[in-house]
Amino acid sequence: MKVAILILSDKGARGEREDTSGPALEQWLTQHGAKVMHLEVIPDEQELIEVKLMGWADSGALDLLLTCGGTGVSPRDVTPDATLKVVERVIPGFGEEMRRKSLAKTPHALISRAMAGIRGQALIVNLPGSPKGAIENLEAIWPAIPHTVAKIQGDKSDCATN
């Protein structure tokens with residue numbers, strides 16, 4: 001599976017904060033058989049996020065696009081808004097499962113607006129900005145990701161096993 005990671009951080013984009021979420025995600029994904037093709041840090045600007053996600057998804061070269069950061073309710077948290085603008089179909093279950101799993105650890109999970117959806121043949125998933133939160137959320141949904149990507153890309157096999 002070919003993956004791109006987009007880190008949303010004003011301070012990270014300005015070089016005022018070292019990004020640790022991207023490397024943590026890259027290591028986790030590599031350990032789970034994925035190949036990280038792109039890892040970029042950009043500011044929390046909705047238009048920039050939209051352009052980057054559209055470019056990556058429309059290239060046809062990537063299976064999974066992960067965003068990291070900007071999923072809360074602060075004025076600069078615009079990642080889900082940008083994602084909603086670029087996806088063709090929303091997959092609510094991913095966001096629901098990430099919030100459900102996270103709620104066992106923190107009540108702040110209730111204010112996550114993370115979502116997932118499809119653009120072309122790519123799956124786009126929003127993750128929280130902290131390394132710990134990003135990995136925990138990815139772990140919560142990872143069992144469904146390979147099957148989802150296969151279906152998005154035209155796999156015609158039956159979903160039911162019995």
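Residues numbered from 1 in each chain as written. Predicted model: local features only at pLDDT ≥ 70, side-chain atom pairs only at ≥ 80, totals over all residues. Heavy atoms only, no water.

- If you check an unreviewed UniProt entry, the chain appears there as Molybdopterin adenylyltransferase from Geobacter argillaceus.
- In its Pathway (unreviewed entry) section, the UniProt entry covering the chain states "Cofactor biosynthesis; molybdopterin biosynthesis." (UniProt positions renumbered as here; feature names shortened; annotations may be inferred.)

**Regarding the pattern of salt bridges**
- On inspection of all chains with the given rule, the structure shows 9 salt bridges.
- Asp-10 is paired through a salt bridge with Arg-76; the nearest N and O atoms lie 2.9 Å apart. Of this pair, Asp-10 sits in helix H1 (residues 10–13) while Arg-76 sits in the loop between strand S3 (64–68) and helix H4 (79–86), and the two are 66 residues apart along the sequence.
- Residue Asp-10 is classed as buried on the basis of its relative accessible area of 16%.
- Glu-40 is paired through a salt bridge with Lys-52; the nearest N and O atoms lie 3.0 Å apart. (Salt bridge = Lys/Arg side-chain N within 4 Å of Asp/Glu carboxyl O. Helix = DSSP H or I, 4+ residues; strand = E, 2+ residues; numbered from the N terminus. Buried < 20%, exposed > 50% of the residue type's maximum accessible area, 1.4 Å probe, protein only.)

**Remarks on the environment of Ile-91**
- Tracing the chain through its elements places Ile-91 in the loop between strand S4 (89–90) and helix H5 (92–103).
- Between the C-alpha atoms of Ile-91 and Gly-117, which are 26 residues apart in sequence, the distance is 5.0 Å.
- Apart from residues lying up to four places away in sequence, Ile-91 is in contact with Ala-116, Gly-117, Ile-118, Leu-123 and Thr-148. (Contact = heavy atoms within 4.5 Å.)

**Describing the side chain of Asp-77**
- As for its position among the elements, Asp-77 is in the loop between S3 and H4.
- Of the buried charged residues, Asp-77 lacks a salt bridge, with Arg-113 as the closest side chain of opposite charge at 6.3 Å.
- In this structure the side chain of Asp-77 is engaged in a polar contact, spanning 3.4 Å, whose partner is the backbone nitrogen of Gly-72.
- Discounting chain neighbours no more than four positions away, the residues touching Asp-77 are Gly-70, Thr-71, Gly-72 and Arg-113. (Lys, Arg positive; Asp, Glu negative; His and termini not counted. Polar contact = N/O pair within 3.5 Å; in protein donor to acceptor, adjacent residues only side chain to side chain.)

**Some thoughts on the packing of H5 against helix H6 (residues 131–141)**
- Direction vectors running N to C along H5 and H6 enclose 120 degrees, while the axes themselves pass 9 Å from each other. Between H5 and H6, the interaxial angle falls into the category oblique. The crossing of H5 and H6 is right-handed. Taken together, the residues of H6 that come into contact with H5 (itself represented by Phe-94, Glu-97, Met-98, Lys-101 and Ser-102) are Asn-137, Ala-140 and Ile-141.
- Across the contact of H5 with H6, the residue classes tally to 4 nonpolar, 2 polar and 2 charged. (Axes fitted to C-alpha atoms, helices over the stretch in contact; angles between N-to-C directions. Parallel < 35°, antiparallel > 145°, perpendicular 65-115°, else oblique. Left-handed = near helix turned anticlockwise from the far one by under 90°. Nonpolar A, V, L, I, M, F, W, Y, C, P; charged D, E, K, R; others polar.)

**Quick look at the nonpolar core**
- If you look at the biggest cluster of nonpolar residues, it comprises 27 residues, and the most contacted ones within it are Leu-29, Val-125, Leu-138 and Ile-145.
- Of all elements in the fold, only strand S1 (2–8), helix H2 (21–31), S3, H5, strand S5 (116–119), strand S6 (122–127), H6 and helix H7 (145–152) reach the threshold of two or more residues within this core.
- Looking at this core element by element, the count peaks at 4 residues for H6.
- Beyond its immediate chain neighbours, meaning those up to four positions away, Leu-138 contacts Leu-25, Trp-28, Leu-29, Leu-66, Leu-127 and Ile-145.
- Ranked by size, the runner-up nonpolar core spans 17 residues in total, among them Leu-6, Leu-8, Val-78 and Val-87. (Core = buried A, V, L, I, M, F, W, Y, C linked by side-chain atoms within 4.5 Å.)

**Topic: H2**
- Looking at H2, one finds that the buried residues are Ser-21, Gly-22, Leu-25, Trp-28 and Leu-29. Across the axial projection of H2, the buried residues extend over an arc of 130 degrees, all falling on one side. Of the residues in H2, the exposed ones pointing more than 90 degrees away from the buried face are Gln-27 and Gln-31.
- Turning to H2, the residues buried within the fold contact S1, strand S2 (35–42), S3, S6 and H6.
- Once H2 ends, the next one or two residues include Gly-33, with phi positive near 85 degrees. (Arc of directions from axis to C-beta.)

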